[in-house]
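Commentary on secondary and tertiary structure
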Amino acid sequence: MSLSFPTMAAIRFGYGFRPGEVAAQNKDDLLKQVNADARAPVSFPVGGIEQRHQVIADLQANLRDLRQSGDDDQTRRERRKVLQKQAQRSFQQDANARLLQAVMSPNGFHERLSTFWTNHFSTSANKSLPMRLLVPLYEAEAIRPRIGGRFADLLRSATEHPAMLIYLDQAESLGPDSKGGMRQKKGLNENLGRELLELHTLGAGSGYTQADVRAAAMVLTGLTIDRQEMDMAFRPNIAEPGRHEVLGVSYGGDRRRPGDYLAMLDDLAANPKTAAHICRKLAVHFVSDQPDDGLIAAMTDAWKKTDGDLRAVYSAMLDHPAAWANEGAKARQPFDFVVAGLRALNAGSGDGTVVAFFKDNEQDDDAQAMGAQGAMAPSTPDMGGALSGGTKGDMKGGDTAAGGGTSVIDPGDEDRVKRRKAMQTARALGQGALRRMGQPIWLPPSPAGFEESFSAWITASQLAERLGWARRATAQFGQGLDPREFLKATLGDAARDDTIRVVSQAPNKTTGLMLALASPEFNRR
């Protein structure tokens, strides 16, 4: 390891340095984060987990009333728009809270693991209206509390959550020969069975067949959702009767029970190919697109010895010399880049100046009406407007709102103009930036999640977006900072001599700060 431990730990295994925050000094400091943050409350969903369950139940009741109402089509559309706007606002607040959670947390390794596992078990808020409320809840209650435990427990928690059941259409899957399937004339949906084998456990090319996919989907029948409470449910009357063989193991019987699919999940979690697939994916995320074979072997060995204890797997990764070699081998993904940049600029007391600015300038109801009205038309699956992060006009400082359209503002109302510009800046530096860079929060392009490879994120267009972001972020938050001191505080001993020279020779302080965030060292880990 050519760089110091604190520098490598912060950049490769965390979200970078933050002014005034003590960096991890050894491996134990990193591992302690996994236990500490698993018990700590998260800032999303806004209002807390219990309240979110009630909000989801209320939404379901309202949607049910809407379907059953005798209103004319226009009235129904207007009523639905109100529900959509409420869900839009809630999702935006949760996404902002998710971003700031990563910026503020002193436990960067835990935050990175949460991002990894949420991406591994991908779901998308674009799937349906209730999913805009469910997906933030999914990360908070199904993923985060279990990333330091057994993989089998995490797998079960993710698979059974209503967000996953809706996203992969398990809620629509009925055993073809079940009583419910024959009565409703509906059949099997293989999506969850396929992604369970291909993405969540064994991995593509691991030897399973299409027959295994279909059999896994059969075993999963009966697992569905309670549409009133939007919670997981098991209904034997839609479970395909009989026994179904997955990878040579038979599950089920004449009477189907939840234990059938739970046994299959446990067997998949214990499969050596699952260990190899997950360990390699972890190494690719944290260390290198082409990780060292010895590193993967050490991680899989820890997995096998501890029955898939993830903390032991992380420990084995951190213990291996390859985990600390070849700094800069990975590209920072957009979320990583934006969080690291905001953390670097987040000086000041309390939560810091950056966090205070974002909290003070969250989009309010008036801004929603001005900037995102109509962005959530019933037939449009896209999140739209301020929720999706806006357009390139945001980065140019124009008056175009994130949802499109020009705001009509009284030129004499200076306070309102300033407020509007501040909200545009917050949006452009947060959700808008992530949208433009291709990694919006909780909106992956497919069940496979976001790309990990260096080539996916270090491109001409990506670098142009990052340069524009760095210019605006440093102009907003860099007042009073010395570029040379900022570079040292942000990159530690990772800053190369040529980067130090370029930053030192910048024509002004703002340019120097921008060049620090645009440097190759800051965009890699």
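Summarised in this report is the structure supplied together with it. Just so it is clear, the model here is predicted, and its values are computed rather than measured.

As for empty space enclosed by the protein
What the rule picks out here adds up to six cavities of 30 Å³ or more. Roughly 220 Å³ of volume is contained in the largest cavity. Lining the largest cavity are 15 residues, with Thr115, Thr118, Ile441, Trp442 and Phe450 positioned closest to its centre. For the lining of the largest cavity, the element with the highest residue contribution is helix α5 (residues 108-120), accounting for three residues. Among the residues making up the lining of the largest cavity, the classes are represented as seven nonpolar, six polar and two charged.

Examining the packing of helix α24 (residues 460-477) against helix α27 (residues 509-518)
Interaxial distance between α24 and α27 falls to 8 Å at its minimum, and their mutual angle equals 135°. Of the possible angle classes, the one that applies to α24 and α27 is oblique. Crossing angle aside, the handedness with which α24 passes α27 is right-handed. Here α24 contributes Leu467, Trp469, Ala470, Arg471, Thr474 and Ala475 to the contact with α27, which in turn contributes Thr510, Leu513, Met514, Leu517 and Ala518. For the contact of α24 with α27, the residue count by class is eight nonpolar, two polar and one charged.

Here we look at the nonpolar core
Judged by nonpolar contacts, the single largest core of 133 residues is most densely connected at Phe109, Trp117, Phe121, Leu282, Tyr314, Phe358 and Trp469. Excluding its chain neighbours within four sequence positions, the residues that come into contact with Leu282 are Leu113, Phe116, Trp117, Met299, Val313, Tyr314 and Met317.

With respect to unusual backbone geometry
A cis amide bond links Phe44 with the next residue in sequence, Pro45, at an omega value of -5°. Position of Pro45 among the secondary structure elements: in the loop between α2 (27-39) and α3 (49-68). Phi at Met230 takes a positive value of approximately 55°, unusual for a residue other than glycine. Looking at the element boundaries, Met230 is found in the loop between β1 (223-226) and β2 (231-234). Accessibility expressed as a relative area gives 5% for Met230, which makes it buried.

Thresholds applied
Residues numbered from 1 in each chain as written. Predicted model: local features only at pLDDT ≥ 70, side-chain atom pairs only at ≥ 80, totals over all residues. Heavy atoms only, no water. 1 Å grid on protein atoms, 1.4 Å probe; cavity = no way out; pocket = protein on both sides within 12 Å on 5 of 7 lines; lining within 4 Å. Points joined across faces, edges and corners; volume = space filled by probe spheres on them. Helix = DSSP H or I, 4+ residues; strand = E, 2+ residues; numbered from the N terminus. Nonpolar A, V, L, I, M, F, W, Y, C, P; charged D, E, K, R; others polar. Axes fitted to C-alpha atoms, helices over the stretch in contact; angles between N-to-C directions. Parallel < 35°, antiparallel > 145°, perpendicular 65-115°, else oblique. Left-handed = near helix turned anticlockwise from the far one by under 90°. Contact = heavy atoms within 4.5 Å. Core = buried A, V, L, I, M, F, W, Y, C linked by side-chain atoms within 4.5 Å. Buried < 20%, exposed > 50% of the residue type's maximum accessible area, 1.4 Å probe, protein only.

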